[in-house]
Amino acid sequence: MSDGESWSREVHGKLNDLLTSFEKRESELTRLSEQLARDRAEFEQEMKARRESEEMAIQEQYKDLDETRQRIEKEKKSMEEVHEFQSSPVHLNIGGHRFTTSLQTLRRDKDSMLATMFSGRHKLLQEPDGSYFVDRDGTHFRHILNYLRDGFRPDLLPQDEVLLREIINEAHYYQLSDLVASVENILDPPPPAPDFTQDEINDMLATLTRQASTSARPSSPSQHMPKPDAAVGSSRFKNADFVSHNMTKNNIDFSGKNLSGLSFAHTTFAHNVSFAEACLVNTSFYGCEFSSHVVVDFTNADISGADFRQCRCIQSGPNAFSSLGGVPAGTGGFMFGSSCSSFTQLIKTGHVKFTGTRHIGTKFDPHIIDFISF
């Protein structure tokens, strides 16, 4: 084979290789172009679906906003009606007797029928003259209103037993349980509670001290130990409970005494009382009443397990509550004695002191515990 033929074959071979390479590249480009077209179609479809979804979401948001706007406008209108209702005097027609009062008065006792009736949760029908009709004998309704305005005032009630029982009947209807109990106490007063002086209390404790073993100790140790002459076992106090007693003659001093397990439940304290550094483990003060002017000092006492639920302040004088932020009788407000929240006011104003006490497991009403400074 000549050199020319050899060169020609070599050139043809290279040309064939190039042609094959070009065909492969063309095929790859075609494949990539088709893939790009498919990807583009998928992307456009995805973007279209996303756009439609976002448009639907925007429409839903517009719908929600419109519903919210309508609801706010409705609530605004309702609040305007409520404000107009609350700021206006309330006219009542109680069995033909006309009364004018305020929503604040009608809602004063939150557990009463009147508070529920005028809570704003119920649609009330008004008479053509704008009054609200209640189908009851209105003869004694003024006593109901006076109670809601001023608290319990026995001096303003009739003395006739029949009339008092009629008032009880009306108070039952209006679900004023405190008024019912207070008037019933007038008709059937409880026997007077025993009263103690400091000397009588000291004699009682001294007798118990002599009877107790010198080794007896409270079941739960006090953070501040009682004085040696008062170390009396709690089991010895079962005959010395002061349940429903009065301590009204003079100031009483229990400071440093071991009163573990003793019960002062429903006792009335009308003078200053000191329980400073006393051992009051598991001692009960449930339902105690404290005059509005007294100071009851539990400083550095061990009150672990003691019970202070349902304690309250009672009025002691025509202006007894002015220093406590309360309202004297006859000025249009509740007397503190009508609610256990009055005990909170005694604590807030420093009339009842719990500073430095040991108080593991001590029982207080839920609304009181936040106001105590230990």
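Refer to the preceding data block for the structure.
Residues numbered from 1 in each chain as written. Predicted model: local features only at pLDDT ≥ 70, side-chain atom pairs only at ≥ 80, totals over all residues. Heavy atoms only, no water.

Q: Can you break down the pattern of salt bridges residue by residue, with the values?
A: By the definition in use, this model includes 12 salt bridges. Measuring nitrogen to oxygen at the nearest pair gives 2.4 Å for the salt bridge that ties Arg31 to Glu28. Placement of both Arg31 and Glu28 in helix H1 (residues 3-87) is noted, with a separation of 3 residues, approximately one turn of the helix. Judged by its relative accessible area of 37%, Glu28 falls in the partly exposed class. (Salt bridge = Lys/Arg side-chain N within 4 Å of Asp/Glu carboxyl O. Helix = DSSP H or I, 4+ residues; strand = E, 2+ residues; numbered from the N terminus. Buried < 20%, exposed > 50% of the residue type's maximum accessible area, 1.4 Å probe, protein only.)

Q: Any details on the environment of Thr100? Residues and values, ideally.
A: Mapped onto the elements of the fold, Thr100 is located in strand E2 (residues 97-101). On the basis of relative accessible area, Thr100 is assigned to the partly exposed category, the value being 45%. Spatially, the C-alpha atom of Thr100 lies 9.1 Å from that of Ser131, the residues being 31 residues apart in sequence. In contact with Thr100, not counting residues within four places along its chain, are Pro89, Val90, His91 and Arg149. Only 3.1 Å separates the side chain of Thr100 from the side chain of His91, close enough to count as a polar contact. (Contact = heavy atoms within 4.5 Å. Polar contact = N/O pair within 3.5 Å; in protein donor to acceptor, adjacent residues only side chain to side chain.)

Q: Lay out helix H4 (residues 141-150) in plain terms, naming residues and giving numbers.
A: For H4, the tally of buried residues reaches 7 of 10 residues, placing the bulk of the element in the interior. Three or more residues of H4 are buried, namely Phe141, His143, Ile144, Leu145, Tyr147, Leu148 and Asp150. Buried residues belonging to H4 abut strand E1 (90-94), E2, helix H2 (103-106), helix H3 (113-117), helix H5 (161-173) and helix H6 (177-187). Gly151 occupies a position one or two residues after H4 and carries a positive phi of about 85°.

Q: Break down the state of the cysteines for me, with residues and values.
A: Considering all chains together, one arrives at 0 disulfides under this definition. Left without a disulfide partner, Cys288 is nearest to the cysteine sulfur of Cys311, which lies 5.0 Å away. (Disulfide = S-S within 2.5 Å.)

Q: Go over a nonpolar patch on the surface with me, naming the residues and quoting the values.
A: Together, Leu15, Leu18 and Phe22 line one region of the surface with nonpolar side chains, adding up to about 310 Å² of accessible area. Structurally, Phe22 is set in helix H1. (Patch = residues over 30% accessible without salt bridge, like charges linked within 9 Å, V, L, I, M, F, W, Y side chains within 5 Å. Areas by Shrake-Rupley, 256 points an atom, 1.4 Å probe, with all protein chains shown as cover.)

Q: Can you tell me about the pairing of E2, naming the residues and giving the values?
A: The pairing of E1 with E2 spans 5 bridges and is classified as antiparallel. Across the sheet, residue Ile94 finds its bridge partner in E2, namely His97. (Pairing = 2+ DSSP bridges.)

Q: I'd love a proper account of H5, names of residues and values included.
A: Taking 1.5 Å as the rise per residue, H5 with 13 residues should run 18 Å; its terminal C-alpha atoms sit 19 Å apart, in good agreement. Looking only at H5, the buried set comprises Leu164, Ile167, Ile168, Glu170 and Ala171. The buried residues of H5 all sit within an arc of 165° when viewed along its axis, so they share a single face. As for H5, its buried residues are in contact with H4 and H6. Two residues or fewer past H5, Gln175 is found with a positive phi of approximately 60°. (Expected span 1.5 Å × (residues − 1). Arc of directions from axis to C-beta.)

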